[in-house]
Amino acid sequence: MEKVAAGLLPPLRFIAVLAVVSWTSFIYYHFSLLSGGLLLGHGGGGDDGADPCRGRYIYVHDLPRRFNAEIIRDCRKTRDHWPDMCGFVSNAGLGRPLVDRTDGVLTGDAGWYGTHQFALDAIFHNRMRQYECLTNHSAVADAVFVPFYAGFDFVRYHWGYDNATRDAASVDLTRWLMSRPEWRRMGGRDHFLVAGRTGWDFRRDTNINPNWGTNLLVMPGGRDMSVLVLESSLLNGSDYAVPYPTYFHPKSDADVFRWQERVRGMQRRWLMAFVGAPRPDDPKNIRAQIIAACNASSACSQLGCAFGSSQCHSPGNIMRLFQKSTFCLQPPGDSYTRRSVFDSMVAGCIPVFFHNATAYLQYAWHLPRDHAKYSVFISHHDVRAGNVSIEATLRAIPAATVERMREEVIRLIPAVIYADPRSKLETVKDAFDVAVEGIIDRIAMTRGGYGRSWLLPKQSRQALDSRRRKLD
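Everything quoted here is computed from the prediction, not taken from an experiment.

## Looking at unusual backbone geometry
- One non-glycine residue with positive phi stands out, namely Asn-91, at about 55°.
- Look at Ala-92: it is not a glycine, yet its phi comes out positive at around 60°.
- Secondary-structure assignment places Ala-92 in the loop between α3 (85-88) and α4 (120-128).

Below is the structure:
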């Protein structure tokens with residue numbers, strides 16, 4: 001027995017050594033991963049070893065260039081209906097820097113650019129490159145970003161093409177995504193992309209016009225992702241509204257604070273202002289009444305944006321009017337929402353809304369739930385029926401209340417602007433930061449079993465029409 005036992009000792013000794021080596025290798029690899037050795041962005045953290053990126057890691061798909069860079073390379077394809085889109089996508093999507101010949105305030109050096117309202121695809125992608133919690137290992141990611149330029153894709157094939165051509169890039173993208181191992185982990189529910197237009201522009205099958213837009217958010221794959229849009233369709237659970245890009249893209253916290261102080265000290269010459277064009281072909285639209293009320297009041301100023309007018313093509317003219325006005329009138333236009341809402345807020349002008357869907361049912365991450373803190377609501381039904389005076393309603397608001405509302409608008413400025421993608425704010429959270437936090441929270445809820453009700457591609461048009469009527 002002793003000889004047998006002695007004969008077993010070498011193998012036992014070998015097994016013990018192998019076990020020690022295996023555990024040592026496992027522990028080394030485990031802690032190397034946690035310490036950030038395989039992560040982009042910040043690793044470890046403070047003395048207590050806490051990870052500041054825990055719960056915030058984002059993996060960015062390395063898409064083929066045909067889904068982003070090559071789309072904006074073809075910007076001249078749009079020149080027949082979107083003038084100078086190549087200029088608009090320059091400077092990381094911000095457009096050309098402004099040259100202010102009036103007072104030298106709104107300049108590129110101060111963060112002011114001729115930014116197109118539909119340029120968010122490129123702006124957001126470039127901001128994501130600065131995000132501090134990127135990872136090149138999807139297994140540790142809390143969300144997966146898809147840098148597909150859906151909004152620019154919409155523009156290049158919208159006029160003069162059939163629906164198959166409009167959908168070609170979206171079909172190609174979803175097939176590419178669904179073949180990836182990152183997709184199979186959650187069936188795409190941890191993926192998100194930015195489509196810098198309204199949600200309706202990507203839901204052709206459920207739109208009023210069967211020839212408008214692409215079907216990205218209805219087709220298999222597309223409907224499984226979360227999508228950040230400028231205006232949510234409100235009838236679906238997968239698209240979330242984020243602010244339109246404004247003209248202001250600060251490079252530093254100091255730029256933000258300096259601008260807030262400027263608008264806080266402005267003399268507001270006008271009680272109210274309106275920037276926009278009439279909508280004579282839409283009998284439900286109240287812009288004609290808004291324009292008439294402004295024309296009839298000595299306390300109102302406006303910039304006309306009718307076809308052939310260049311007043312609204314000057315960011316300087318728009319921002320100077322908003323800075324001189326206490327209230328800015330924001331009726332719906334082609335859709336419920338308006339870029340003008342955010343331009344006016346950046347100027348410290350209190351928005352006046354006429355429809356719940358212009359802001360209150362949108363932008364839940366960026367604007368307060370207590371709408372009366374920062375805005376005024378006047379029902380579009382009352383305006384259309386002539387039951388209300390806009391000027392009298394605004395004059396009836398006590399001065400102290402107006403002051404509190406303006407201060408709240410000024411406080412909100414950082415949350416409704418996108419900082420320059422080529423620099424980084426230190427302590428201020430901009431619209432990008434707020435949107436990323438919001439989408440990560442939504443994905444975490446989905447991962448925890450609180451999933452959304454996804455829009456079915458065959459959902460009846462009658463059901464959708466019924467839900468639309470509730471918005472009127």
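## Describing the sheet that holds strand β1 (residues 58-60)
- Strand order in the open sheet formed by 5 strands is β1-β2-β3-β4-β5, with parallel pairing between adjacent strands. If you trace the sheet from one side to the other, it starts and ends with β1 and β5 (239-241), each paired once. Going across the sheet, the axis of each strand differs from the next one's by a mean of 30°, ignoring polarity.
- As defined by bridge partners, strand β2 (residues 143-146) adjoins strand β3 (residues 191-198) across 3 bridges and the pair is classed as parallel. By the bridge assignment, Val-146 is partnered in β3 with Leu-193.
- Against the sheet, α4 makes contact with β1, β2, β3 and β4 (226-231), and its axis sits at roughly 145° relative to β3, the strand it touches most.
- Sitting on the sheet, helix α15 (residues 431-447) is in contact with β1, β2, β3, β4 and β5, with an inclination near 140° to β4.

## Notes on the confidence of the model for the chain
- Across the chain, pLDDT averages 85, with 81% of residues at or above 70.
- Scored below 50 in pLDDT, residues 14-48 shows 36 contacts in the model against residues more than four places distant or in partner chains.
- Confidence drops under pLDDT 50 across residues 451-461; counting only partners more than four residues distant or on other chains, this segment forms 26 contacts.

## Focus on helix α11 (residues 339-346)
- Among the 8 residues in α11, 8 count as buried, and that is most of the element.
- Regarding α11, the residues found buried are Arg-339, Ser-340, Val-341, Phe-342, Asp-343, Ser-344, Met-345 and Val-346.
- Structurally, α11 contributes buried residues whose contacts are with α8 (253-264), β6 (270-276), α10 (315-323), β8 (325-330), β9 (350-353) and α14 (399-412).
- Positive phi shows up at Gly-348, right after α11, with a value of about 80°.

## As for the pairing of β6
- The buried fraction of β6 is high, at 7 of 7 residues.
- Pairing geometry for β6 and β8, over 3 bridges, is parallel. If you follow Met-272 over to β8, its bridge partner there is Phe-327.
- Direction of pairing for β6 relative to strand β7 (residues 300-304): parallel, over a ladder of 5 bridges. Bridged to Met-272 within β7 is Cys-300.

## What to know about the packing of aromatic side chains
- Tallied over the full model, the rule gives 17 aromatic pairs.
- Measuring from centroid to centroid gives 5.3 Å for Tyr-240 and Trp-365, while their planes differ by 25°, and the two rings are stacked. Here Tyr-240, found in strand β5, pairs with Trp-365, found in the loop between β9 and β10 (376-377); they are 125 residues apart in sequence, far enough to count as distant.
- The partly exposed category is assigned to Trp-365, whose relative accessible area is 22%.
- Ring geometry for Phe-353 and Tyr-360: centres 5.4 Å apart, planes at 85°, overall edge-to-face.
- For Phe-353, a relative accessible area of 0% corresponds to the buried category.
- Members of the aromatic cluster, each reached through a chain of ring pairs, are Phe-124, Tyr-131, Phe-145, Phe-192 and Phe-432.
- Of note, Arg-197 hangs over the ring of Phe-118, and the distance from its end group to the ring centre comes to 4.2 Å.
- Of note, Arg-339 hangs over the ring of Tyr-247, and the distance from its end group to the ring centre comes to 3.9 Å.

## A few points about the sheet that holds β6
- As summarised here, the arrangement of the 5 strands in space is β7-β6-β8-β9-β10, forming an open sheet in which the pairing is parallel. Looking along the sheet, the strands with just one partner apiece sit at the ends: β7 and β10.
- In this fold α10 packs onto β6, β7 and β8, with an angle of close to 155° to the strand it touches most, β6.
- Across the sheet, α11 touches β6, β8 and β9, and the angle it forms with β8 is around 170°.

## Digging into helix α9 (residues 287-295)
- Among the residues of α9, those classed as buried are Arg-287, Ile-290, Ile-291 and Cys-294. Each buried residue of α9 sits inside an arc of 95° when the element is viewed along its axis, so together they form one side.
- Contact partners of the buried residues in α9: β6, β7, β8 and α13 (390-395).

## Considering the state of the cysteines
- Tallied over the entire structure, the rule returns 3 disulfides.
- The partner cysteine of Cys-328 in its disulfide is Cys-349, sulfur to sulfur 2.1 Å. Disulfide Cys-328-Cys-349: the torsion about the S-S bond is 110°, which places it as right-handed. On the criterion of sequence distance, the pair formed by Cys-328 in strand β8 and Cys-349 in the loop between α11 and β9 is long-range, its members being 21 residues apart. Per residue, the accessibility class of Cys-328 equals that of Cys-349, and both read buried.

## Quick notes on the environment of Ala-143
- Mapped onto the elements, Ala-143 comes out in strand β2.
- Ala-143 sits in the buried class, given a relative accessible area of 0%.
- For Ala-143 and Gly-55, which are 88 residues apart along the polypeptide, the C-alpha to C-alpha distance reads 9.1 Å.
- Beyond its immediate sequence surroundings of up to four residues, Ala-143 is in contact with Tyr-57, Ile-58, Tyr-59, Asp-190, Phe-192, Ile-440 and Ile-443.

## Brief notes about the environment of Tyr-247
- Position of Tyr-247 among the secondary structure elements: in the loop between β5 and α8.
- Between the C-alpha atom of Tyr-247 and that of His-116, which follows or precedes it by 131 residues, the distance is 8.3 Å.
- Contact partners of Tyr-247, with chain neighbours within four places excluded, come to Gly-111, Trp-112, Tyr-113, Gly-114, Thr-115, Pro-315, Ile-318, Met-319, Arg-339 and Asp-343.

## Notes on the side chain of Thr-107
- Mapped onto the elements, Thr-107 comes out in the loop between α3 and α4.
- Thr-107 gets classed as buried once you look at its relative accessible area, which sits at 18%.
- The contacts of Thr-107, once residues within four sequence positions are left out, are Leu-98, Asp-100 and Trp-112.

What counts, and where the lines are drawn
Residues numbered from 1 in each chain as written. Predicted model: local features only at pLDDT ≥ 70, side-chain atom pairs only at ≥ 80, totals over all residues. Heavy atoms only, no water. Helix = DSSP H or I, 4+ residues; strand = E, 2+ residues; numbered from the N terminus. Pairing = 2+ DSSP bridges. Axes fitted to C-alpha atoms, helices over the stretch in contact; angles between N-to-C directions. Contact = heavy atoms within 4.5 Å. pLDDT = per-residue confidence, 0-100. Buried < 20%, exposed > 50% of the residue type's maximum accessible area, 1.4 Å probe, protein only. Phe/Tyr/Trp six-rings, centres within 6.5 Å; stacked < 30°, edge-to-face > 60°. Lys NZ or Arg CZ within 6 Å of the ring centre and 35° of its normal. Arc of directions from axis to C-beta. Disulfide = S-S within 2.5 Å.

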